[in-house]
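# Chains, contacts and geometry: an overview
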Amino acid sequence: ERRLAYTARLSELNAKQANVMKLRSTPGQEAKAYAAEMSLQRGQAAANAARDDFMAVSQRVLREVDRFKREKAEDMKQTVYQYIEMQIEYNRKMEKIWADLIPVLENVPLRDDQVPAAGVDVPEPKAVSLPNADIPGGAAAVATEQAQEQIQQQMEQLQVQQLHQYLHRAVMG
């Protein structure tokens, strides 16, 4: 807005200068030329005032932009610093969770002949009803293998559930 006012004043000043030059070159137009010169001087003063106003506003805007940049740079610095602190804290927690998980994982049996270490809760296997288990000729053996497979699957599922619960408590707690 201030810039437009300044350029408008400069345009008016140029038109007045052209009018003064025209009137000076025309004989008998001395009075009009004098009036045009006075108008030119007032126009010059108005253009100078508009230029000064434009410069003052421009300087103020530039100062505000610099201040804004400094403040935002400080805000950004604080935001990044807080993010880094949060990441450090998160990674410390995760390191502790993984460190606490190592002993639990070491006690998970990987083969049938491995037994969990002392202090690890291993539930009793559920009773399995075996249809036709009393039939002679090997039905009990087949049923026993099926029961062992079911028990193994139940134990594996239980261990996975315990692991999930442990991780959930560690992360959420």
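Reading guide: rules and limits
- Residues numbered from 1 in each chain as written.
- Predicted model: local features only at pLDDT ≥ 70, side-chain atom pairs only at ≥ 80, totals over all residues.
- Heavy atoms only, no water.
- Helix = DSSP H or I, 4+ residues; strand = E, 2+ residues; numbered from the N terminus.
- Buried < 20%, exposed > 50% of the residue type's maximum accessible area, 1.4 Å probe, protein only.
- Areas by Shrake-Rupley, 256 points an atom, 1.4 Å probe, with all protein chains shown as cover.
- Patch = residues over 30% accessible without salt bridge, like charges linked within 9 Å, V, L, I, M, F, W, Y side chains within 5 Å.
- Salt bridge = Lys/Arg side-chain N within 4 Å of Asp/Glu carboxyl O.
- Axes fitted to C-alpha atoms, helices over the stretch in contact; angles between N-to-C directions.
- Parallel < 35°, antiparallel > 145°, perpendicular 65-115°, else oblique.
- Left-handed = near helix turned anticlockwise from the far one by under 90°.
- Nonpolar A, V, L, I, M, F, W, Y, C, P; charged D, E, K, R; others polar.
- Expected span 1.5 Å × (residues − 1).
- pLDDT = per-residue confidence, 0-100.
- Contact = heavy atoms within 4.5 Å.
- Core = buried A, V, L, I, M, F, W, Y, C linked by side-chain atoms within 4.5 Å.
- Polar contact = N/O pair within 3.5 Å; in protein donor to acceptor, adjacent residues only side chain to side chain.

Let us now look at the overall build of the protein chain. The helix and strand inventory of the protein chain stands at three helices and zero strands. Tracing the protein chain from N to C terminus, the helices and strands come up as α-α-α. Relative to its 173 residues, the protein chain shows a buried fraction of 12%. Accessible surface computed for the protein chain: about 14,000 Å², of which carbon and sulfur atoms make up 57%.

A contiguous nonpolar patch, built from Met76, Val80, Tyr83, Ile84 and Ile88 and spanning about 480 Å² of accessible area, is present on the exposed surface. Secondary-structure assignment places isoleucine 88 in helix 2 (residues 30–106). The exposure class of isoleucine 88 is partly exposed, given its relative accessible area of 39%.

This part takes up the packing of helix 1 (residues 2–25) against helix 2. Viewed as axis vectors pointing N to C, helix 1 and helix 2 meet at an angle of 160°, and their least axial separation amounts to 8 Å. Classified by the angle between their axes, helix 1 and helix 2 sit roughly antiparallel to one another. Seen along the crossing, helix 1 lies across helix 2 with a hand that is left-handed. In terms of residue class, the contact of helix 1 with helix 2 is built from 14 nonpolar, five polar and nine charged.

Before going further, it helps to spend a moment on the pattern of salt bridges. Scanning all chains against the criterion turns up six salt bridges. Counted as one network, the salt bridges with shared partners bring together Glu64, Arg67 and Glu71.

With that settled, the discussion passes to helix 2. Taking 1.5 Å per residue as the helical rise, helix 2 with its 77 residues ought to reach 114 Å, and the 111 Å between its terminal C-alpha atoms agrees with that figure. Buried residues of helix 2: Ala33, Ala36, Ser39, Leu40, Gly43, Ala47, Ala50, Val57, Met94, Ile97 and Leu101, and no others.

Turning our eyes to something else, we now look at the confidence of the model for the protein chain. When pLDDT is averaged along the protein chain, the result is 76; 75% of the residues meet or exceed 70. Confidence, read as mean pLDDT per element, is least for helix 3 (residues 139–172) in the protein chain (69) and greatest for helix 2 (88).

A word on helix 1. Along its 24 residues, helix 1 runs 35 Å from first to last C-alpha, staying within 8% of the 34 Å computed at 1.5 Å per residue. Of all the residues in helix 1, the buried ones are Tyr6, Leu13, Val20 and Leu23. Buried residues along helix 1 sit against helix 2.

As a further point, take the nonpolar core. Among the nonpolar cores identified, the biggest contains seven residues, and these are Leu13, Val20, Leu23, Ala33, Ala36, Leu40 and Ala47. Broken down by secondary-structure element, the contributors of at least two residues to this core are helix 1 and helix 2. The element that contributes the greatest number of residues to this core is helix 2, accounting for four residues. Among residues more than four places away in sequence, those in contact with leucine 13 are Leu40, Gly43, Gln44 and Ala47.

Quick look at the side chain of serine 39 now. Its location among the elements puts serine 39 in helix 2. Polar contacts involving the side chain of serine 39 include one to the side chain of lysine 16, which spans 3.1 Å.

What follows covers the environment of glycine 43. Relative to the elements of secondary structure, glycine 43 occurs in helix 2. Sequence-wise, glycine 43 and glutamate 12 are 31 residues apart; in three dimensions their C-alpha atoms are separated by 7.2 Å. For glycine 43, the residues in contact, after removing those within four places along its chain, are Leu13 and Lys16.

Here we come to the environment of glutamate 30. Note on placement: glutamate 30 falls in helix 2. Judged by relative accessible area, which is 55%, glutamate 30 ranks as exposed.

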